[in-house]
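Structure assessment
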Amino acid sequence: QIHLQQIGPATTEATIRGHKVLIDRPEAKGGDDKGPMGGELLLAALGGCFMSNLLAAIRAREAEIANVYTEVTGTLGETPARFTAIDMVVSADGADTALLGKLVTIAERACITANTLRDAVTLTTRTV
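Described in the following lines is the structure provided in the data block. Source: prediction; values computed, not measured.

Points about the side chain of E108
Considering the arrangement of structural elements, one finds E108 in helix α2 (residues 97-110). E108 gets classed as buried once you look at its relative accessible area, which sits at 14%. Within polar-contact distance, the side chain of E108 engages the side chain of T125 at 3.2 Å.

Side note on the state of the cysteines
Evaluation of the coordinates by the stated rule reveals one disulfide. Residue C49 pairs covalently with C111 via a disulfide, S to S 2.5 Å. Of this pair, C49 sits in helix α1 (residues 38-60) while C111 sits in the loop between α2 and α3 (112-117); the two residues are 62 residues apart in sequence, bridging distant segments of the chain. Across this residue pair, the class does not change: C49 and C111 are buried.

As for α2
If you check α2, its first and last C-alpha atoms are 20 Å apart, about what 14 residues at 1.5 Å a residue would give, namely 20 Å. Looking at α2, one finds that the buried residues are L100, L103, V104, A107 and E108. All buried residues of α2 lie within an arc of 135 degrees about the axis, which places them on one face of the element. Seen from the open side of α2, the exposed residues pointing more than 90 degrees away from its buried face are A98, K102 and R109. On its buried face, α2 is in contact with α1, β5 (82-93), α3 and β6 (122-127). The residue sitting at the N-terminus of α2 and contributing the capping side-chain oxygen is D96; that oxygen lies 2.8 Å from the backbone nitrogen of A98.

Looking at unusual backbone geometry
Of note, the bond from T79 into P80 is cis; its omega dihedral lies within 30 degrees of zero at -5 degrees. Take P80: it is sitting in the loop between β4 (66-77) and β5. The phi torsion at N67 lies on the positive side, around 50 degrees, for a residue other than glycine. Within the element layout of this structure, N67 appears in strand β4. Owing to a relative accessible area of 60%, N67 belongs among the exposed residues under this scheme.

Here's the deal with the pattern of salt bridges
As enumerated under the stated definition, the model contains three salt bridges in all. Across the pair K20 and E13 runs a salt bridge, and its minimum N-O distance is 3.9 Å.

Side note on the sheet that holds β5
Taken in spatial order, the three strands line up as β4-β5-β6 in an open sheet, and their pairing is mixed. Two strands lie at the open edges of the sheet, namely β4 and β6, each paired on one side alone. The average angle at which neighbouring strand axes cross in this sheet is 15 degrees, direction not considered.

Description of the pairing of strand β1 (residues 3-6)
Relative to strand β2 (residues 12-16), β1 runs antiparallel, the two being bridged by four bridges. For L4, the partnering residue across the bridge sits in β2 and is A14. Hairpin connection between β1 and β2: a loop of five residues separates the two successive antiparallel strands.

About the cut-offs
- Residues numbered from 1 in each chain as written.
- Predicted model: local features only at pLDDT ≥ 70, side-chain atom pairs only at ≥ 80, totals over all residues.
- Heavy atoms only, no water.
- Helix = DSSP H or I, 4+ residues; strand = E, 2+ residues; numbered from the N terminus.
- Buried < 20%, exposed > 50% of the residue type's maximum accessible area, 1.4 Å probe, protein only.
- Polar contact = N/O pair within 3.5 Å; in protein donor to acceptor, adjacent residues only side chain to side chain.
- Disulfide = S-S within 2.5 Å.
- Expected span 1.5 Å × (residues − 1).
- Arc of directions from axis to C-beta.
- Contact = heavy atoms within 4.5 Å.
- Salt bridge = Lys/Arg side-chain N within 4 Å of Asp/Glu carboxyl O.
- Pairing = 2+ DSSP bridges.
- Axes fitted to C-alpha atoms, helices over the stretch in contact; angles between N-to-C directions.

No statement about biological role is implied by the geometric values presented.
Listed below in C-alpha cells is the structure:
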C-alpha cells in the first residue's frame with residue numbers, strides 16, 4: 001500500500017514505506033517538472049524490480065558479474081495512451097554471456113512487476 005497526496009497544481013507526493021517520491025508532469029505538459037510522470041515511474045518500477053532480483057541471483061551464485069546496467073524503453077501506443085511494448089537491455093562487466101542470460105531469465109520470472117505486465121504489453125529482455 002502506498003499513499004498519494006496532492007502538493008501542487010500538478011504535483012503529487014507518494015509515500016512508500018518511509019520513502020517519498022514526487023510525481024509531476026513536465027512544464028510542456030502543464031506541470032512543474034518536480035518529478036517523473038507516472039508512466040516513467042512504471043518503467044522505473046519494472047527496471048528496479050528486475051534489477052533487485054537480478055542482483056540477488058548474482059549474489060546467491062557468487063557470480064563474477066559487476067556493474068550491471070539495464071536500460072528500459074517503453075513504446076507508446078495511442079487511444080488510449082499506453083505502453084504497447086517494453087524492452088529491457090542488460091549489460092554487465094565480467095559476465096559470461098550464457099550465465100548472464102540464465103540469471104536474466106531467473107530475475108525476470110521472479111519480478112512481480114514483469115509478471116504483472118507480461119500479459120498487458122509485449123515485454124522483452126535481452127543482454128548485450
